[in-house]
Each structure stands twice: as C-alpha cells, then as structure tokens.
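Chain by chain, the residues run as shown.
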Amino acid sequence: MLFKISISGIKARWKDYLVLFSGMIITTAIFYMFEAISTNDKFTTSSPVGQNAKIVFIFGSILLAIITLVYVFYANNFLMSMRKHDYGLFMMLGAKSGVISKLIILETIAIGLISSVVGIIIGIGFTQVLSHFLAKLIHMSLTNFSAFYMPAVWTTIIMFLVLFIVAGFLNARTFVKTSALELLHSGQQSDWKQPKSLTLWIQAILGVGLLAGGYYAMYDIQRLKLMAIAIGLFTIVLGTYFVFNSFFVMLLQAFQRSSLSTKGLNSFTLAQLKFRIRDYTKILSVVSLLFALALGAITVGTGFQNMVPKLASGNGYYSVAITNPNDRMNSLVNQIKDKSTITYQQKVDPQAKRVYYRADQLKQQPLKYSEFVDRAALKSKVSTSKLAEFKRADSEAYQELSSLQIPKVNAYQIKVVSAQTFNQINTRTNKLLLVRANNMDAAATPLTKITNIQSKQYGDQNGQLVGGSFTMYQLLKSVFGSLEFMGIFLGIAFLAMLASCLMFKILSGAASDKVRFDMLNKIGTRRAVLNRSIIVQILGLFALPGVLGIIDVAFGLQMFSRGGLLVGGAYQTFGITTLGFLILYLIYFAVTVLIYSRIVVPKTKVER
C-alpha cells in the first residue's frame, strides 16, 4: 500500500522527476564518454605523446570522479527535497521509520540504477556519433578506439551504483533523525545563515592563496613535472570552493547594503539567491571547474589541430609531387579546390646519376620553398628560387627540388640546362607535377589517396619517402592526432556536463519558486519586471563560474606552453575558442532562462 502511495506521489511530480532523470542520464553519459577514452590504454598510448597523455587522463578521471560525486549528491538532495513532504505525511499517518527507510533506500538505488543504464546506452551512442564526426573533422583514423568499451561500462556502473547506495543509506539515516513536522515544512526552509566576517575573510584569503599556488605549479611544470598536475588538482579544486563560498556571500551582502537593492525586484532577486546559498556555492564551484576543463580541453585540441598544418607547411611549400601523373592522379588533383600547381619537364640519366631540368621553365615558373624563421612561434616564410641556386647542392632551392623527386632518384645530381641541351638528351621525358594545397586539412582526403597510390607504386607502405609536405602532415597526425581528438572530444563532453549541472540545478528549484512568483503576480507585478528579475538572477549564476573558469584556463595553459607540448604556444587559439565557447555558454543561459520563465512566471488573465 505504501509503495502504491509512493508511486502515485512520483506520478504527481513527474515533471520534476523528468528534470532529475535528464540530469542524471546526461551526467552518466558524459562520465562514460570520458572513461571510454581514459580506460582504453591501447588508444591513449597509440602515439609517442599518448604515453604522457595517459598520466593526464588518470588525474582527469580523479577530478571528474570528484565532480560526479558532488553532482550525484546534489541530485540526491533534489530527490529528497521532492519527497520530504510525502515521507513526512506517511509518518504522520503512522508509517514506521524502518519501512520508510527501506522505501528511501530502494527508491534511491532504483533511480540511480535506471539512470545509469540509460545514461551508458546514450553515452555509447554519443561516443560513436561524436568520435566519427571529430575523426572526419580532423582527418584522422581512430586506431584502437571503440565507442563500446566494456571496462568503461563496468567502471561507470560501479561508480554510480556505489554512490547511490551510499546516498540511499545517508538519506534513510537523515529521515530517521528528522521529525515528521520538519519534513512537512522542509521546502520552506532557507539555507541562509548569517556568516561571521572573520570566517569569510579567512576563506577568501585561503581560496585566493590556493588558486595562486595551483597556477604557479602549472607555470613551473618543467621543474615540478607530474607533481604540478597533482598540486594543481588539489589546490584549484579546494581554492575554487573557498572562493565561491566566501566571495559569493560577500557579494550578496554588498549588494544588499547598496542602494541597488531597493530598485525594482532586486531585493527579491537577492533573497532568491540567498534562499539556496549553500547549494549554489557548491554547484558554482563544480561548474567553474568544468568550464575550465571544457575550455582548456578544446583550446588544447584546436591548438594541436592548428599546429599540425603549420608545422607541415613550414617544412615544405608543395604538398605533393607527382611524377608522370595518370588519369586517376589528375582526377584526385582536380578534387583539391584551393590549390596552385607547377609542371616541370624532367629527364633522368641513371648511368650518370643525374636529373635534368629546363632552365626556361624554372625561370618562367620559379620553384618556391618555405623555411622557418621562428619555429617556436610556427612562423615561416616563402622564398622564390633563382637559377643560380641550383648550382649549389647545399642551397634551400636545390634541397627542395631534390626532395620532390621520386625516392629512386632524389639522391641524383640536379642539372639545370637550356631547352636545346635538354632536347638533345636521349632519354624519356618525364612530367613532374607539384601541387600546393593552401588548406591541407580541407584537402586531406584526395592528398591521402595520392600518397597511398605513390607509396604502393614506389614500394613504401608508410608513405614517408613520398615527396611533399603532406607526408610530414601525416606523420604529425599520427603523433598528435590522438591528443587533438581527445582534447576536442572531452571539451564537448565537459561543456555538456557543466550545462547539465547548472541548468538542472536552477530548474530543480523552479517548482518551489513558482509559489513566490505567483504571489508577486497577484500583487500586480508586471511580467516584464518578473522576467528581468529572472534574467539577472540566472545571469549572475552563469557569469561567476565563467569568469573564474576563463582565469583558470589562462593560467592553466602554462602547463602546455612551458612544458613544450604545444609547438607555437598554447595560447595561439585561446581567443577564438574562448569566444566560441562563450557563445555556446550564452545559448545554454538563454535556454535556461526560457524554460525557468515558462515554469515560474504565471500567465496573465488575458493569456488564460
């Protein structure tokens, strides 16, 4: 009978439970997505850089576990806040505390198990779709990567099952020690307690000090090595919590003392924030860390993506060189949209070990070559060759032309002769087609097919001896491609995680807030004023973690910049990724405002 009553109570609050289930499913899906990479040793260590990336993923898993722990207990508190009134009513009607405890434990574990299973299924689907999309976007094959990875499934199930079992027993213990009257009025109780000024200042100083210590550890990574990540993990997580727990409260108090609090519904907005102050400081800390992780991961991933073609182009101006192209080769070259081409006639004398070129062609269409002027900043310049340079084997132009020849003759001596002398040489005339793809990423598909054909033709299966900078591009992709993929993949995952955390936290209080907004409506408050109050309230909750998250990334990128992992500097894409990330963040803000407004703002008589 008690179970039937409980089910009817859940049905009556199905919209609130939908918010809870949606948040838990997304959290589980994201946790699985991360574990699908971090637990896959073959994938993370498939490149030389991946060996070091594995350590980063271990610390990342620990941090994500901490964030997941906070979110699960927040979701659990939301679950209990919905059920406290019902359980208090059951106790008033004579239900025994032991029966209530069993019901609480079973309900908590059931919700956790169902959301975990559904979340894993959705996580596998997200991982499959996202991995294929990113692999196509960054033009790389995912060696040893699988969207369905059993160790990741078990890790996710065990993690969430343990968390919900613990949460269930803690809930039962809390209800046993709470009176029925307190349970019935729990939804009307505020989290606000007047803090001591000394406590706030101690937490503020401690928080700033811990953050500064973490930032310095990232800066001094060359000396601290892996300890820098461990120190940063501890100090930044704890420092972020202390900063929000102190500065957020101090900010609210400062606004209340200012003249701004008397204007419009500002006093009501401040009261709304103070009503759940303890929950907000926890969730803002989590969102700030997730914001930093997401923005940092995407910045690093796009940094690798931006680095690879620049490094390749700096090592050679022409992407591919094709000797005697057939119809298939010409067709593939025509598929490259943004390109420039040069064709030279060539004759090879295998006995004298010489390769002859026409001087008039090299003069009319001078060979170009690129060289780095600042390798650390990935700055290179393009130079135009002169005929005199081909007389010296140590010149840049000579070396460039030599490397563009087929492997069989690239060690032969290059001789530039007149057209008349060239025609008198009694050997076959070859055609050397040089192709420059101005966007190597966009042209990766046809260029890969061309180099594969050449590799088979010349007997080199790895393609490293084929002339042109695209072979360097492929080599760099094999080294940095997995990190490029992991950075963007996890950045998107963390973005979804932070959005679900903050959005569902705000929406979870919408049902109880509806009563207060309805009261304001009855005393004649205009809808525009109510909507403005909602925008200000939610904007503050979105802006605070965003600002601290950007500061975290600005200092945290020192780990990659000073560590030398990102050639050209870790800040090369920081501006554009931050701008793009903020646009997505504002979209989540707008969606949250829209959904929250529809729930809490009463309809006017005309609309009814």
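Residues numbered from 1 in each chain as written. Predicted model: local features only at pLDDT ≥ 70, side-chain atom pairs only at ≥ 80, totals over all residues. Heavy atoms only, no water.

1. Thoughts on the overall build of the chain
Applicable threshold: Starting at the N terminus, helices and strands are each numbered in turn, a helix being any DSSP run of H or I of at least four residues and a strand any DSSP run of E of at least two. Buried residues are those whose accessible area, probed at 1.4 Å on protein chains only, stays under 20% of the maximum for their type, while exposed residues exceed 50% and partly exposed ones sit between those limits. It only takes one pair of heavy atoms within 4.5 Å for two residues to be counted as in contact.
A tally of regular secondary structure across the chain gives 22 helices and seven strands. When the 608 residues of the chain are sorted by exposure, 51% land in the buried category. Within the chain, contacts between residues at least 6 apart in sequence are counted, and of these 82% link residues at least 24 apart.

2. With respect to unusual backbone geometry
Even without glycine at this site, Asn324 takes up a positive phi of about 55 degrees. Following the sequence through the fold, Asn324 ends up in the loop between strand E1 (320-323) and helix H13 (327-334). Using a relative accessible area of 28% as the deciding quantity, one classes Asn324 as partly exposed. A positive phi angle, near 55 degrees, is found at Lys353, a position not held by glycine. Looking at the secondary structure, you find Lys353 in the loop between strand E2 (339-349) and strand E3 (354-358). A relative accessible area of 52% places Lys353 in the exposed class.

3. Topic: the side chain of Ser319
Spelled out, the test is: N or O atoms closer than or at 3.5 Å make up a polar contact, with two conditions inside protein: a donor-capable atom paired with an acceptor-capable one, and, for residues adjacent in sequence, both atoms drawn from side chains.
The residue Ser319 is located in the loop between helix H12 (277-315) and E1 in this model. Take Ser319: its relative accessible area is 1%, and that puts it in the buried class. At a separation of 3.0 Å, a polar atom in the side chain of Ser319 contacts the main-chain amide nitrogen of Ala437. When sequence neighbours within four positions are dropped, the list of residues in contact with Ser319 reads Val435, Arg436, Ala437, Met440, Leu447, Gly467, Gly468, Ser469 and Phe470.

4. Remarks on the environment of Asp338
Locating Asp338 in the fold gives a position in the loop between H13 and E2. Expressed as a C-alpha distance, the spacing of Asp338 and Ala437, which sit 99 residues apart in the sequence, is 6.2 Å. The contact partners of Asp338, leaving out residues within four places of it in the chain, are Arg436, Ala437, Asn438 and Asn439.

5. Observations regarding the packing of H13 against helix H17 (residues 444-458)
Test applied: As a rule, the C-alpha atoms of each element are fitted with a line to give its axis, helices using only the stretch in contact, and angles between N-to-C directions run from 0 to 180 degrees. Working definition: roughly parallel below 35 degrees, roughly antiparallel above 145 degrees, roughly perpendicular at 65 to 115 degrees, and oblique for all remaining angles. Should the near helix be turned anticlockwise from the far one by less than a right angle, the crossing is left-handed, and should it be turned clockwise, the crossing is right-handed. Each residue gets one label: Ala, Val, Leu, Ile, Met, Phe, Trp, Tyr, Cys and Pro are nonpolar, Asp, Glu, Lys and Arg are charged, and the others, such as Gly, are polar.
Running from N to C, H13 and H17 point in directions that differ by 155 degrees, and their axes come no closer than 8 Å. If you check the angle between H13 and H17, you find them roughly antiparallel. The element H13 and its partner H17 pack so that their crossing is left-handed. The residues of H17 that touch H13, namely those facing Arg328, Met329, Leu332 and Val333, are Pro446, Lys449, Ile450, Ile453, Gln454 and Gln457. Class assignment of the residues belonging to the contact of H13 with H17 gives a composition of six nonpolar, two polar and two charged.

6. Here's the deal with the sheet that holds strand E6 (residues 413-417)
Hydrogen bonds between backbone atoms are what pair the strands of a sheet, whose relative direction is either parallel or antiparallel. What counts, and what does not: Between any two strands, pairing holds if DSSP finds at least two bridges.
Spatially, E1-E7-E2-E3-E6 is the arrangement adopted by the five strands of the open sheet, whose pairing is mixed. The open sheet has two edge strands with one neighbour each: E1 and E6. Put simply, the sheet's adjacent strands are angled 30 degrees from each other on average, direction ignored. The sheet contact formed by E2 and E3 spans four bridges and is antiparallel. Its bridge partner lying in E3, Val348 is registered against Val355.

7. Side note on the pattern of salt bridges
Pairing between side chains of opposite charge can happen when their charged atoms approach one another. To be explicit about the condition: By convention in these notes, a salt bridge is any Lys or Arg side-chain nitrogen within 4 Å of a carboxyl oxygen on Asp or Glu.
Taken as a whole and judged by the stated rule, the model has three salt bridges. Linking Asp360 and Arg358 is a salt bridge whose minimum nitrogen-to-oxygen distance equals 2.6 Å. In this structure, the salt-bridge partner of Asp394 is Arg392, at a minimum N-O distance of 3.2 Å. Among the residues examined, Asp394 registers a relative accessible area of 62% and is labelled exposed.

8. Regarding the nonpolar core
Put simply, the rule reads: Side-chain atoms within 4.5 Å are what join buried Ala, Val, Leu, Ile, Met, Phe, Trp, Tyr and Cys residues into a set we call a nonpolar core.
Among the nonpolar cores identified, the biggest contains 116 residues, and Phe485, Leu498 and Tyr596 are the most heavily contacted of them. Among the elements that take part in this core, helix H18 (residues 470-508) stands out by supplying 22 residues, more than any other. Counting residues in each nonpolar core, the second largest holds 21 residues, with Val348, Ala397, Leu401 and Val409 among its members.

9. Quick look at the packing of aromatic side chains
Test applied: Classification of ring pairs rests on two measures: the distance between centres of Phe, Tyr or Trp rings, Trp counted by its six-membered ring, which must be within 6.5 Å, and the angle between planes, read as stacked under 30 degrees, edge-to-face over 60 and tilted in between.
Counted by the stated rule, this structure contains 10 aromatic pairs. Judged by centre distance (5.6 Å) and plane angle (85 degrees), the rings of Phe31 and Phe160 are edge-to-face. Taken as a pair, Phe31 in helix H2 (residues 14-38) and Phe160 in helix H6 (residues 150-176) lie far apart in primary sequence, 129 residues in all. Each member of the pair, Phe31 as well as Phe160, is classed as buried. Relative to Tyr473, the ring of Phe470 lies with its centre 5.1 Å away and its plane at 15 degrees, an arrangement referred to as stacked. In this pair, Phe470 and Tyr473 are both assigned in helix H18, three residues apart and thus about one turn of the helix distant.

10. Quick look at the side chain of Thr592
When you line up the elements, Thr592 lands in helix H22 (residues 574-600). Given the relative accessible area of 0%, Thr592 is considered buried. Beyond its immediate chain neighbours, meaning those up to four positions away, Thr592 contacts Met503, Ile506, Leu507, Ile538 and Phe542.

11. Considerations on the packing of helix H8 (residues 197-219) against helix H20 (residues 527-556)
Put simply, H8 and H20 touch, their axes get as near as 8 Å, and they point 35 degrees apart. Mapping the contact onto sequence places Leu211, Tyr215 and Met218 in H8 and Leu548, Ile551, Asp552, Phe555 and Gly556 in H20. In terms of residue class, the contact of H8 with H20 is built from six nonpolar, one polar and one charged.

12. Topic: a nonpolar patch on the surface
Operational definition: The patches described consist of residues with a relative accessible area above 30% and no salt bridge, like charges being joined within 9 Å and nonpolar side chains (Val, Leu, Ile, Met, Phe, Trp, Tyr) within 5 Å. Values of accessible area rely on a 1.4 Å probe in the Shrake-Rupley scheme; residue burial ignores everything except the protein chains shown.
Together, Ile576, Leu579, Ile583, Leu584, Ile587, Val591, Leu594, Ile595 and Ile599 line one region of the surface with nonpolar side chains, adding up to about 770 Å² of accessible area. Structurally, Ile583 is set in helix H22. We classify Ile583 as partly exposed; its relative accessible area is 48%.

13. Re H22
The test is simple: Residue count minus one, scaled by 1.5 Å, sets the expected span of a helix.
For H22, spanning 27 residues, the distance from its first C-alpha to its last is 38 Å, which sits close to the expected 39 Å at 1.5 Å a residue. When we look at burial in H22, the residues that qualify are Phe574, Thr577, Thr578, Phe581, Tyr585, Phe589, Thr592, Val593, Tyr596, Ser597 and Val600.

14. Overview of the environment of Lys42
Residue placement: Lys42 occurs in helix H3 (residues 41-44). As a C-alpha pair, Lys42 and Asn144 span 102 residues in sequence and 5.9 Å in three-dimensional space.

15. Quick word on the confidence of the model for the chain
Put simply, the rule reads: Every residue is assigned a pLDDT by the predictor, reflecting its confidence on a scale from 0 to 100.
Summary statistics for the chain give a mean pLDDT of 79 and a share of 80% for residues scoring 70 or more. For the chain, helix H7 (residues 180-184) is the element with the lowest average pLDDT, namely 50, and E3 is the one with the highest, namely 93.

16. Examining the environment of Lys353
Lys353 sits 60 residues away from Gln413 along the chain, and the two C-alpha atoms are 6.4 Å apart. The residues contacting Lys353, other than those within four sequence positions of it, are Tyr412 and Gln413.

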